[in-house]
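Observations on the three-dimensional arrangement
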Amino acid sequence: MKQAPQFKEIHEGNGTFPWWVWIAVWIWIVYAFFLGPFHWFPPQG
Amino acid sequence: MDNRAIKLWFFSSLCWLALGPLIGLVQSFQFLWPQAMDVFSDWMLPYSKLRILHTNTVILGWLVMMFISATLYIVPRLCKVELKNASLAYAAGWVWNLAMALDVILIWAGIPGHPLLSIQPYEYAEAPLYCDLLIVLSVVMVIFSVHHTVLKRTQPKLYVSVWYLLGGLYTTAITYLVGNFLVLGFSGLGNQVLESWWLHNAVGLIITPPGLGIAYYVIPLAAQRPLYSHSLSILGFWALMAFYPGTGLHHFLQMPMPTWINEFAVISSVLLAIPVLAVTVNFLATPRGNWKRAVESFPLRFAVLGAVYYLLTCIQGPFQATSAVNWFIHFTEWVQAHAHLALTGAFSCFGMAIAFFMFPRVTGRQLYSRALASWTFWLMAVIFPLFYLGFTHSGLVTAISVNVLSNTIYETLSAVWLARFFRTLMGAGVVLGFLLFAWLIARSLRAGKPFEEGMNETPETPQPVKLGEVAA
């Protein structure tokens, strides 16, 4: 009987977001929802 | 294992890679010396056609074909079963090549007014309908083979790469049908909404899922470390599928479009931060504790470089989609620079990573030259960022000239020439990198030493000889 091919396993950990990701996300939210929607410089003057 | 299908898709993608970037280089010459390059118009290849040939061959030829080759390689290995209907996947490769060859010929011929053979007026979807039909047929054949393989798996748990690769085939089929067929049934605003949906999702739902699936496969295996986080991998997949489809309409922020559609597109783009952070944290944290593997393993080097470019492009993309920035950079080469950061930077690096990983395992040959592999890597790591910066600089000069100084088009073209010249110089370096890469693989078929699992993909670094050993 033909043997099933053997392949390497990929193991998985249970890591979480590091602390600096949360800071980056908050900066991004403040920029995107509170600053970004407004035109700092009006288009074409 | 039957590797015929993998090899066909693999080597076909390399052929298209040898063509696509070169066309881009010719286009950049046309920007610099338009009159001298008029000779291409004499051969029925004006800029407008070369642009179509460039994007079609790079996206559908190089990237998608390499990613389908990778799908046919990775999915059976993760499912611990042979590829089912391998002949169908093999035949699909020829159908796809036929579609691409016809695409190139028909775009060159430029037949007007024919329902099946004319160039379509939609960006990235210019392929004539006849080619589109062949491509859809090919994708359906590949889906049948890959999905059948997943259903017959002996490994009950589906690793995240399988989610991305199988999901990516389905999103490819759906996106392609919308962008090439459904769009034809609408006129006016609806036509433009569907066009922009397709335009961005050609990258987001056709290129991105397999690209990420490949990196999820290569990084842990090449770094010889467990994946950093199972839960982040699942979060990244579902957040991508939830938020990406809505982003496309940010391409039309500066055009007449209902505000709610624009806002929906911008918010979707902003929310992309979630999958992007989940994915890149996972990629960059996985090799921790074993970074020395990056010295020996070219697949790891390219995958990590691709992850860095992916992070950068996904920070830039949502940023430029916000109103505060978009009005300034829209209609400039900043946007094309961004597209190159994604496709030439991130996803080509993922493609090269899996090519370096697969080649020895599929052909039984090592890559024959470590020095040549190093050249391709450093051209992508050093010259590509300069090319990207030159491209972006060109866009910023245009934006300042038009939006701030209100210059005429002639003044703007003069102002931007030097930036474009730098872009061409660096772009030539990137094209050289791709050609060296294709040559390295093709030459290794004959010159590569026999490869066995456990060996490096390239010959090992020669160890320095110690004086004491010489004396002994």
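Residues numbered from 1 in each chain as written. Chains lettered and ligands numbered in written order. Predicted model: local features only at pLDDT ≥ 70, side-chain atom pairs only at ≥ 80, totals over all residues.

**With respect to the overall build of chain A**
Just so we agree on the cut-off: Strands are runs of DSSP state E lasting at least two residues, helices are runs of H or I lasting at least four, and both sets are numbered from the N terminus onward. Between the buried cut of 20 or more and the exposed cut of 12 or fewer other C-beta atoms within 10 Å of a residue's own C-beta lies the partly exposed class, and all C-beta atoms are placed from the backbone.
Helix and strand counts for chain A stand at 1 helix and 0 strands. Looking at chain A as a whole, 7% of its 45 residues are labelled buried.

**Things to note about helix α10 (residues 273-285) of chain B**
To keep things clear, this is the line we draw: What a helix is expected to span follows from its residue count: subtract one and scale by 1.5 Å. By definition, residues are in contact whenever their C-beta atoms, placed on the basis of the backbone, come within 7 Å of each other.
For α10 of chain B, built from 13 residues, the straight-helix expectation of 18 Å at 1.5 Å per residue is met to within 8% by its first-to-last C-alpha distance of 17 Å. The element α10 of chain B is largely enclosed, with a buried count of 10 among its 13 residues. Of the residues making up α10 of chain B, those classed as buried are Ala273, Pro275, Val276, Leu277, Ala278, Val279, Thr280, Val281, Asn282 and Phe283 of chain B. Those residues of α10 of chain B hidden inside the fold are in contact with α1 (19-35) of chain A together with α7 (188-223), α8 (230-243), α9 (259-271) and α12 (298-321) of chain B.

**Some details on the environment of Lys152 of chain B**
Residues and elements named next belong to chain B. With respect to the secondary-structure elements, Lys152 resides in the loop between α5 (129-151) and α6 (160-180). A tally of 13 C-beta atoms within 10 Å means that Lys152 is categorised as partly exposed. Along the primary structure Lys152 and Lys80 are separated by 72 residues, whereas in three dimensions their C-alpha atoms are 9.2 Å apart. In this structure Lys152 touches Val81 and Lys84, once residues within four positions along its chain are discounted.

**What to know about the packing of α7 of chain B against helix α14 (residues 334-363) of chain B**
Residues and elements named next belong to chain B. Stated formally: Axes, fitted as lines to C-alpha atoms, cover a helix only where it is in contact. Angles between the N-to-C directions of the axes lie from 0 to 180 degrees. Orientation categories follow fixed angle ranges, with anything under 35 degrees roughly parallel, anything over 145 roughly antiparallel, 65 to 115 roughly perpendicular, and all other angles oblique. Definitions for this section: a left-handed crossing has its near helix turned counterclockwise from the far helix by less than a right angle. A right-handed crossing has that turn clockwise. Any residue outside Ala, Val, Leu, Ile, Met, Phe, Trp, Tyr, Cys, Pro, Asp, Glu, Lys and Arg is labelled polar, Gly included; the first ten of those are nonpolar and the last four are charged.
Between α7 and α14, the shortest axis-to-axis distance is 9 Å and the interhelical angle comes to 45°. Considering the angle they form, α7 stands oblique to α14. When you trace α7 past α14, the crossing you get is left-handed. Contact residues: α7 offers Val203, Ile207, Gly211, Ile214, Ala215, Val218 and Ala222, while α14 offers Ala342, Leu343, Ala346, Phe347, Phe350, Ala353, Ile354 and Phe357. Across the contact of α7 with α14, the residue classes tally to 14 nonpolar, 1 polar and no charged.

**Description of helix α16 (residues 409-447) of chain B**
To be explicit about the condition: Bend is computed residue by residue as the angle between axes fitted to the seven residues ending at the residue and the seven residues starting at it.
For α16 of chain B, which comprises 39 residues, the first-to-last C-alpha distance of 53 Å matches the rise-based estimate of 57 Å (1.5 Å per residue) to within 8%. In the structure, α16 of chain B departs most strongly from a straight axis at Trp417 of chain B, where the bend amounts to approximately 40°.

**Focus on the confidence of the model for chain B**
Counted only if it meets this: The predictor's confidence in any single residue is recorded as pLDDT, a number from 0 to 100.
Taken as a whole, chain B shows an average pLDDT of 94; of its residues, 97% reach a score of 70 or greater. For this predicted complex, the interface confidence reaches an ipTM of 0.77, while the overall pTM sits at 0.94.

**Some points on the nonpolar core**
One recurring pattern in soluble globular proteins: nonpolar side chains tend to sit buried together. Residue and element names in this part refer to chain B. Stated precisely, the cut-off is as follows: When buried Ala, Val, Leu, Ile, Met, Phe, Trp, Tyr and Cys residues are joined through C-beta atoms within 7 Å, the set is termed a nonpolar core.
If you look at the biggest cluster of nonpolar residues, it comprises 143 residues, and the most contacted ones within it are Leu63, Ala215, Val218, Ala303 and Ala353. Here the element with the most residues in this core is helix α3 (residues 47-79); it accounts for 20 residues. Setting aside anything within four residues of it in sequence, one finds Leu63 in contact with Val58, Ile207, Leu343, Phe347 and Gly351.

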